[in-house]
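A closer look at the structure
Spelled out, the chains give:
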Amino acid sequence: MATGPGARPANYLTLVGQVAWQSVARLVRAPSHSRRAEARRALARRWIGVATLMALAIGILMFAVDVAAIKQMPARGTASLWWLRIFTDFGKSTYVLWTLAGLLFVILLVQPLLSDVLRSILIAFGVRIQYLFFAVLFAVLCGEFLKYIIGRSRPFVGGDANAFFYQHFAGNPAFESLPSGHATTAFALAFAVSAVWRRMTLFMFVYAVLICVSRVVLLAHHPSDVVAGGLTGIIGAMIVQYWFAARRLGFKIVSGGAIETLAGPSWPALKRVARGAFAP
C-alpha cells in the first residue's frame, strides 16, 4: 500500500482490482437515503409534467411541422454540409460513451498510485464521471428499445415526405427515427453535466440543441424525433441521478425530495491529483 504522495503500491494489479470491485459494490448496494421515497414522488411529478408537455409538442410537430420542415432542408449528402456531418458526431453515443469509459479507466489505473488524500479527491471526481457515463448509457438503451418498438421511418424513406410511415419491430436502421439517438445522447449528457457542474448548464444545452438541429438539417430525423430524443435523454439522466442520490453517491436528497449535488473536487485539487499520480 502506498505510504506517501510519491510512493507506489507493491501489489498494483491487486489494488486496481480492489478499486474496481469497490466501485461496482457502491453502485449496486441497497439504497440507504432516508428521503428516497420523497425523491421518488418528486421525480414522478417532474416526469409526468415534462412527459405530458413534450408529448403534446411531439404530437403537434408530427401533424403540423415535420413534413413541411424536412421539405425545406438541403438534399441528403449535400457536399457543402461536410462540416455539419463532423459536428453532429459529437452527439454520437458511441463516441461519448467510449470517451467517458476511457476517462473512468484512467481514473481506475491512477487511484492506487496516490496518497489517501489525493485518492479521496479522485474518487469524488470518478463518481461524477460514473454518473455521466450511466446517465448517457441508460438513456441510450431506453432510446434504442423505443426505436425498435415504434419503427418510424427516417425522412424520405420510400421516396415521399411521409411523417407516418412505420414498420414496428423491424430492426432496420431506416425505421429507427423516433426517438433520435443523437438527441437522446446530447440531452442526457447535457442534463448530467449540468447536474454536476451548474456553470456548464448554458453551454451544454446550447450544445444539445445544436446537435438536434444538425440531425434535422442532415435529414437524419424529423423535428419530432429530436424532441422525443431530448425527452428520453433528460428522463433517463434523471432516473440515474435518483439511483446515485439514493446511495449517497455524488448527490443528496433534501427536504421535499429535491436532489442536489454534493460538493465536489475543485480544479486546483484535480491538478494536485495529476501531479501526485506522475510524481517520481
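All figures in this text were calculated on a predicted structure; none of them were measured in a lab. Just so you know, the residues in each chain are numbered from 1, in the order the chain's sequence is written. Only residues with pLDDT of 70 or above have their local features reported here, since the model is predicted, and side-chain atom pairs are shown and tallied only from 80 upward, although totals for entire chains, interfaces and linings are computed over all residues. Based on all heavy atoms of the structure, the side-chain values leave hydrogens and waters out of the count.

So, the UniProt feature "transmembrane region" (unreviewed entry) in the chain
To be explicit about the condition: UniProt positions are given in the numbering used here, feature names are shortened, and annotations may be inferred rather than shown by experiment. Secondary structure follows DSSP: runs of H or I at least 4 residues long count as helices, runs of E at least 2 residues long count as strands, and numbering of each begins at the N terminus.
Per the UniProt annotation, the sites labelled "transmembrane region" (unreviewed entry) are residues 48-70, 90-110, 131-150, 202-220 and 226-245. Between the C-alpha atoms that bound residues 202-220 there is a distance of 25 Å. The span itself is 84% helix and 0% strand. This span, residues 226-245, is 100% helix and 0% strand, and a straight line between its end C-alpha atoms measures 28 Å.

Describing the pattern of salt bridges
Selection criterion: The salt bridge definition used is simple: a Lys or Arg side-chain nitrogen within 4 Å of an Asp or Glu carboxyl oxygen. Using a 1.4 Å probe on the protein chains alone, a residue whose accessible area is under 20% of its type maximum counts as buried, one over 50% counts as exposed, and one in between counts as partly exposed.
On inspection of all chains with the given rule, the structure shows two salt bridges. Linking Arg-152 and Asp-66 is a salt bridge whose minimum nitrogen-to-oxygen distance equals 2.8 Å. Pair noted here: Arg-152 is in the loop between helix H6 (116-150) and helix H7 (181-196) and Asp-66 is in helix H3 (residues 66-71), with a separation of 86 residues, a long-range link. Per residue, the accessibility class of Arg-152 equals that of Asp-66, and both read buried. Of the charged contacts in the structure, one is a salt bridge between Arg-152 and Asp-225, with a shortest N-O distance of 2.7 Å. With Arg-152 in the loop between H6 and H7 and Asp-225 in helix H9 (residues 223-246), this residue pair connects regions lying 73 residues apart in the sequence. Asp-225 carries the same exposure label as Arg-152, and that label is buried. Via salt bridges that share partners, Asp-66, Arg-152 and Asp-225 belong to a single interconnected network.

Focus on unusual backbone geometry
Of note, the amide linkage connecting Leu-178 to Pro-179 takes the cis form, showing an omega dihedral of 0 degrees. With respect to the helices and strands, the residue Pro-179 is situated in the loop between H6 and H7. In this structure, Phe-169 is a non-glycine residue whose phi angle is positive, near 60 degrees. Inspection of the secondary structure assignment puts Phe-169 in the loop between H6 and H7.

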